[in-house]
Amino acid sequence: MIYVKDLHKYFGKNEVLKGITCEIKEREVVCVIGPSGSGKSTFLRCLNALEEITSGEVIVDGFNIADRRTNINKVREEVGMVFQRFNLFPHMTVLENIMLAPMQVRKVSKDEAEKRARQLLAKVGLSEKADAYPNSLSGGQQQRVAIARALAMQPKIMLFDEPTSALDPEMVGEVLDVMKSLAAEGMTMVVVTHEMGFAREVGDRVIFMDQGIIMEEGSPEQIFTNAQNERTRAFLSKVL
Amino acid sequence: MIYVKDLHKYFGKNEVLKGITCEIKEREVVCVIGPSGSGKSTFLRCLNALEEITSGEVIVDGFNIADRRTNINKVREEVGMVFQRFNLFPHMTVLENIMLAPMQVRKVSKDEAEKRARQLLAKVGLSEKADAYPNSLSGGQQQRVAIARALAMQPKIMLFDEPTSALDPEMVGEVLDVMKSLAAEGMTMVVVTHEMGFAREVGDRVIFMDQGIIMEEGSPEQIFTNAQNERTRAFLSKVL
Amino acid sequence: MGIRWDVISDYMPMFLQGAVMTLEITVIGVLFGTLIGLFAGIARLAYAKYGLGKYLVAIFFRWPALLYITFFRGTPLFVQILIVHFAIMPLLINPDGGWLIAGDLAREIKSEHGALVSGIIALSLNAGAYIAEIFRAGIQSIDIGQAEAARSLGMTYSKTMRFIIIPQAFRRMLPPLGNEAIMLLKDSSLVSVIGLAEMAFAAKSAFGATSRVWEPYITISIFYLVMTLGLSVLVSWLERRYGKGDIR
Amino acid sequence: MGIRWDVISDYMPMFLQGAVMTLEITVIGVLFGTLIGLFAGIARLAYAKYGLGKYLVAIFFRWPALLYITFFRGTPLFVQILIVHFAIMPLLINPDGGWLIAGDLAREIKSEHGALVSGIIALSLNAGAYIAEIFRAGIQSIDIGQAEAARSLGMTYSKTMRFIIIPQAFRRMLPPLGNEAIMLLKDSSLVSVIGLAEMAFAAKSAFGATSRVWEPYITISIFYLVMTLGLSVLVSWLERRYGKGDIR
Amino acid sequence: GCGGKTEPAGNNQAGGSTPAPQAKEYVVGTDAAYAPFESVNDKKEIVGFDIELLQAIADKGGFKVTFKNTPWDGIFETLKNGDRDILISAITITDKRKADMDFSEKYFEAQQLIALPQSSTVKSLDELKDKKIGVQTGTTGDEIVSEKFGKTNPNIVRFDTTPLALKELENGGLAAVVADNGVVNNYVKNNAPKNLKFIEDNKSFEKEYYGIAVKKGNKELLDKINAGFKKVKEDGTYDKLVEKYFGKK
Ligand SMILES: Nc1ncnc2c1ncn2[C@@H]1O[C@H](COP(=O)(O)OP(=O)(O)OP(=O)(O)O)[C@@H](O)[C@H]1O
Ligand SMILES: Nc1ncnc2c1ncn2[C@@H]1O[C@H](COP(=O)(O)OP(=O)(O)OP(=O)(O)O)[C@@H](O)[C@H]1O
Ligand SMILES: [Mg+2]
Ligand SMILES: [Mg+2]
């Protein structure tokens, strides 16, 4: 599904990703952990070309992202993304937020888009908020809308960048629950997170990044109980 | 040390504190937990008169805060406060941040203030950052400086308002460690926090607030393992 | 010194007509200025990613827009009005050989509405330069996360601009646009130098004929105050209505 | 149409002297304006918590400051200059019975420096009104957490202002103060209406004598551009130096 | 009073033969945008017929003057509030102005001209009803036109200076300009506007005269000026100046 080979990324002279190679299979849930500034977000953003790749190969759903001739918008239609800060469109209602992209990009009819949007809202437990504006929702509710918005494009892959770290603690659970059910349905997911409980329970694989490289990867048990790398252990001792 | 009786606080017509009564003894560490918007911060801010009290009695270190004749600045000299967002003075170096209040308020000499500031910096593990500006520090470092700044006034009581919730997870530990050592030295502390581990380990007493009242209080074991109140249990099930 | 009420009452029709003219040129100036500012603002932000396009966009859009904005923000409006009226208009609209309009139509325009046309052009160009910057600031003030969210849904650059960025930017622009309208209202007093009969012109006429200062100038000051305060009430209403609150 | 270089070269000394005068009155206007603005800005924010003081502060500080700021921001500078020069100055400085200065000194001042004094007063008052608002916005832009942190350390209101708020507010104010200086530089062209020999006056004289528009006005436009661009380089340097970056 | 005897070199006061009051320098206001009467030359000096005339008068009358450029808008105010002692600025003596200030002997005969586009068929002021007429604010031309067509008539377009109004006429923005002949002639001399013509309308415009103005009631100064003017006329200086600036009639 996703195939990354020797991915390098510079911001100016600052090398943030120093050769990332990895593969993510269909229906796999991969959790990315690591200290602040290690390049987790940058890595994720390279996967749907929100950041330009400096060198290396990134193939997502068969599209070569590094190739200038690739229609990036086509790739993005297949890859949903959920941001730390939600990024809902504040001038539209919840329903409009969800319907916009299917109508404008997939050219779905309005009725069809609305039907699907309402289904998704029901799925994330927010049916009654369809006509509310984002600012009137709590953080947890906004993030669930953001997930519904991404799902409305019926993507094959979902990327999550610390989806719960801007939330009050009581709201973390409701968002994680939605993500768990998504994983259970077999969605391919890449999740940057600090929620080790989630990684352990839901993740098929955990990747530990530090200073722009993948330090260690493996099953959750392996990483959390038997990390090989010194740095991994140091990091885990701080956050667990 | 602190004695609160039937404390009410309105913001306009919105009653945020609906009759709080409690007592905090010398050398006691009290943790305040509760959902967002329950009035935890407001309660804490009433204790050093950052919010005007609508009605009720608050006596801190013998001073009656609700009395207009009380010199509030005298009270505040005895009560240190640490904020969620650090609130360091960005135009001053770390050292100047710590020295300012002792020199201006306590009229300590410059040399004396500097000596004491360096001791405190050593205590929070930031001796080498004395001449740095706050913006060049990480969140955890800034918060430790903020604690040192409050301690420089040699307060009898320290108030903490979610001191770690604006921090990246790896930095939470370093701040909690400083707070733990402070508690071990016998400082009287009131800590609003979402860190249940800290509350359990260090707290002498835990207060659960919801909707402007104290729903339940007791020792950490009591609250975390055997809460009586339905709401307390619901809240704890979400955050633990 | 007493107040000579007769000066005020004698010239009142002129003050009132002047006030109407002031409002007219302000409104027209704001409208045209917004149009010009929109184009100049977009041109100023235009860029191309690759190759030759990069230079063409710079030469034909970014630099001319920057030049225009710099000139009109960097020189006094008063000077701009004189240059437009006495130097540029005679080239463009001229009975014998105007570049834009010549012959009888030109004569007609010049003699009937010469000062009005020049005044509106100068005010619009001036306002346009400021509005271009308001527009640019408005677009740049929108959180980059909005564009990223839209792009990550597969929306194109132009659809992102149209559905996500511009609608939000426009709300933020309303208050500064209102302030620009207030500035323009006051600045319109300068077109009296080319003989356009707005409020300042009326006061000048009364002053010239009667040598009284207080009466005509305090009168129009009050008129201006009423107008600017009215506008600023509108602006603060807009600010409350469309300001930060609604956006985040 | 050819360019008559001789017009430019003949009048160049006048343009240059005018440019010096323009700079002079701008600098003086900014200095006095900042002083006035500081007081007006503080008066505008003054408040008392209890009892009678509440009304006294409002009547003697807040309202006069608000009135002053409203008037000078709400009417055209051009009108303000005329009112100051022809209506207010004759009351204050007058050989027979000026309220401030009378007799020969008044004569001396009026005949030697009348337009200069009026021009500076009008520009300073105008700038002061805008700077008062810049000052207020600067203070209000400082995160309330800063004041709370200082107060919670036991610092008094005045010490908090002096050590924490004003130093930070002042850094934020530098860029808008710079912009106000640019506005004032351009606006100083309006004092030519009372005959002060700055740049616009020089152009007017050249225009009056030669009836040429392009040469004098384009010349001074370039002068203005150079000055405003110079100032805005300074402003953006200040912005980089003291702007957001340093603050958070 | 001063000056029973004519002193040869005017600006020397040191003689002491007369019990003249000590040399006081009078401040003269003039709107130096009104060539040939007064204008600023490229050396920033104020020059022109009025200037040389008053200088000669002062020399002969035994007093000193210094000229200050003073915009026409508000020039009379400066006399009232003491900024200026004397005004010489091609000021037409009118009854209305006489109420506010005192004038010297008339020193120049002026006439209003109507400037028109070459193609115009207008023959008199009356025919300009409902047409756009340009004037300089507050001048005699302004007064006459205001009187005739109503002072708040929107067709009267007022400018800060006469050359500005003439320029506007040249550009086609006006149907006519009414202004003093002296200034109009100077504009023609400098700009040679091919498309303008000038007519007189003796029915509408009475002959008018320029005078030197002083503050109402300042008889002492007025006498000095009149005495000096008498001498200047007698010794031929006046005629020389007229010839220098306006050529032979
Ligand atoms: N747009 C950018 N321009 C320049 N540098 C950037 C940019 N975005 C990120 N960086 C830098 O790249 C490095 C990695 O950033 P990244 O956001 O990927 O880290 P992260 O692992 O996601 O950290 P966090 O847990 O704080 O989100 C950091 O040093 C950061 O300063
Ligand atoms: N300055 C204020 N003006 C008006 N309402 C306020 C103000 N400060 C707080 N409130 C309101 O008072 C209530 C309690 O707020 P408070 O900040 O004390 O809650 P909290 O328990 O600290 O929540 P959190 O965990 O989010 O910090 C909230 O409903 C809030 O909206
Ligand atoms: Mg990140
Ligand atoms: Mg709180």
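Just above, that's the structure.
Quick notes on the rules
Residues numbered from 1 in each chain as written. Chains lettered and ligands numbered in written order. Predicted model: local features only at pLDDT ≥ 70, side-chain atom pairs only at ≥ 80, totals over all residues. Heavy atoms only, no water. Helix = DSSP H or I, 4+ residues; strand = E, 2+ residues; numbered from the N terminus. Rg over C-alpha atoms; globule rule 2.2 N^0.38 Å. Buried < 20%, exposed > 50% of the residue type's maximum accessible area, 1.4 Å probe, protein only. Areas by Shrake-Rupley, 256 points an atom, 1.4 Å probe, with all protein chains shown as cover. Lys, Arg positive; Asp, Glu negative; His and termini not counted. Charge placed at Lys NZ, Arg CZ, Asp CG, Glu CD. Contact = heavy atoms within 4.5 Å. Near = heavy atom within 4 Å. Polar contact = N/O pair within 3.5 Å; in protein donor to acceptor, adjacent residues only side chain to side chain. Nonpolar A, V, L, I, M, F, W, Y, C, P; charged D, E, K, R; others polar. Least-squares fit on C-alpha atoms with pLDDT ≥ 70 in both. Phe/Tyr/Trp six-rings, centres within 6.5 Å; stacked < 30°, edge-to-face > 60°. Axes fitted to C-alpha atoms, helices over the stretch in contact; angles between N-to-C directions. Left-handed = near helix turned anticlockwise from the far one by under 90°. Buried area = accessible area lost by both parts, 1.4 Å probe. Salt bridge = Lys/Arg side-chain N within 4 Å of Asp/Glu carboxyl O.

Undergrad: Would you take a moment to explain the overall build of chain A for this structure?
TA: When you go through chain A residue by residue, the secondary structure sums to nine helices and ten strands. Rg of the C-alpha trace for chain A: 18 Å, near the compact-globule value of 18 Å for 240 residues, within the 12% margin. With respect to the principal axes defined by its C-alpha atoms, chain A has extents near 55 × 45 × 30 Å. Residues classed as buried in chain A amount to 58% of the 240 residues present. For chain A, the computed accessible surface area is about 9900 Å², with 44% contributed by carbon and sulfur atoms. Charge centroids of chain A, computed over 30 positive and 33 negative side chains, lie 4 Å from each other.

Undergrad: Just checking my understanding: could you explain helix α3 (residues 94-104) of chain A for this structure?
TA: Owing to its 3.6 residues per turn, the α-helix brings residues three or four apart onto one side. Within α3(A), nine of the eleven residues are buried, which leaves it mostly tucked inside the rest of the structure. Here α3(A) has its buried residues at A:V94, A:L95, A:N97, A:I98, A:M99, A:L100, A:A101, A:P102 and A:Q104. Where α3(A) is buried, its residues touch α4 (110-123) and α5 (139-151) of chain A together with α6 (157-187) of chain C.

Undergrad: What exactly am I supposed to notice about the site of ligand 2 here?
TA: Residues and elements named next belong to chain B. Around ligand 2, the neighbouring residues are F11, V16, P35, S36, G37, S38, G39, K40, S41, T42 and E162. Between ligand 2 and the protein, one listed contact pairs an oxygen atom with a backbone N or O atom of G39 at 3.0 Å. Calculation on ligand 2 without its partners gives an accessible area of 630 Å², and the protein chains cover 60% of this total. The element best represented in the shell around ligand 2 is helix α1 (residues 40-47), accounting for three residues. A class-by-class count of the residues in the shell around ligand 2 yields three nonpolar, six polar and two charged.

Undergrad: Sorry, what's going on with the relation of the copies chain D and chain C here?
TA: Each copy of the chain is related to the other by a rotation around an axis and a translation along that axis. Mapping chain D onto chain C leaves a residual RMSD of 0.1 Å; the transformation is a rotation of 180 degrees accompanied by 0.0 Å of translation along its axis. In short, the pair behaves as if placed about a two-fold rotation axis. Nearest to the rotation axis, the C-alpha of D:L190 is located 4.5 Å from it, this being the minimum over chain D. The residues that chain D uses at the interface reappear at the interface of chain C in 97% of cases, marking a shared surface.

Undergrad: Sorry if this is basic, but what is going on with the packing of aromatic side chains here?
TA: Tallying each qualifying case throughout the model produces 24 aromatic pairs over all chains. For the ring pair C:F207 and D:F86, a centre distance of 5.3 Å and an interplane angle of 50 degrees mean the geometry is tilted. Of this pair, C:F207 sits in helix α7 (residues 199-210) while D:F86 sits in helix α3 (residues 77-92), on two different chains. Judged by its relative accessible area of 2%, C:F207 falls in the buried class. Considering the side-chain rings of E:F37 and E:F49, the 6.2 Å spacing of their centres and the 85 degrees angle between planes classify their relative orientation as edge-to-face. Taken together, the residues E:F37 in the loop between β2 (33-34) and β3 (38-40) and E:F49 in helix α1 (residues 49-61) connect sequence positions twelve residues apart. E:F49 carries the same exposure label as E:F37, and that label is buried. Among the aromatic residues, ring-to-ring pairing joins E:Y34, E:F37, E:F49, E:Y107, E:F108, E:Y210, E:F229, E:Y238, E:Y245 and E:F246 into one connected group.

Undergrad: Please explain the packing of helix α5 (residues 144-152) of chain C against α6(C) as it appears in this structure.
TA: Think of two packed helices as two axes; the pair is described by the angle between the axes and how far apart they sit. Residues and elements named next belong to chain C. Contact pair α5 / α6: the axes reach a minimum separation of 10 Å and the direction vectors enclose 145 degrees. α6 is crossed by α5, and the crossing has right-handed handedness. In this structure, α5 contributes Q146, A147, A150 and R151 to the contact, and α6 contributes Y157, T160, I164, I165 and Q168. Among the residues forming the contact of α5 with α6, the class breakdown is five nonpolar, three polar and one charged.

Undergrad: Looking at this structure, how should I read the arrangement of the chains?
TA: Of all six pairs of chains that touch, the greatest number of contacts is found between chains C and D. The smallest C-alpha distance separating chain A from chain D is 19 Å, and no contact links them. Contact between chain A and chain E is absent, and the least distance between their C-alpha atoms amounts to 49 Å.

Undergrad: Even after reading the chapter, I still don't get the site of ligand 1, so can you show me in this structure?
TA: All names here are of chain A. Surveying the vicinity of ligand 1 reveals the residues F11, V16, P35, S36, G37, S38, G39, K40, S41, T42 and E162. For ligand 1, an oxygen atom lies 2.7 Å from a polar atom in the side chain of S36. Between ligand 1 and T42 there is a distance of 2.5 Å, counted from an oxygen atom to a side-chain nitrogen or oxygen. In isolation ligand 1 has 640 Å² of accessible area, and contact with the protein removes 60% of it. A per-class count over the shell around ligand 1 returns three nonpolar, six polar and two charged.

Undergrad: Looking at this structure, how should I read the interface of chain D and chain C?
TA: Frequently, the measure chosen for interface size is the accessible area that the parts lose on association. In this assembly, 33 residues from chain D lie in contact with 33 residues from chain C. Buried surface at the junction of chain D and chain C, summed over both partners, amounts to about 2800 Å²; 82% is from carbon and sulfur atoms. When the area that chain D buries against chain C is broken down by residue, the three leading residues are D:F78, D:K186 and D:W214, summing to 18%. For the interface between chain D and chain C, the tally reads zero salt bridges. Where chain D packs against chain C, one counts six residue pairs in polar contact (both at pLDDT 80 or more). For the side of chain D that touches chain C, a count of residues per class yields 23 nonpolar, seven polar and three charged.

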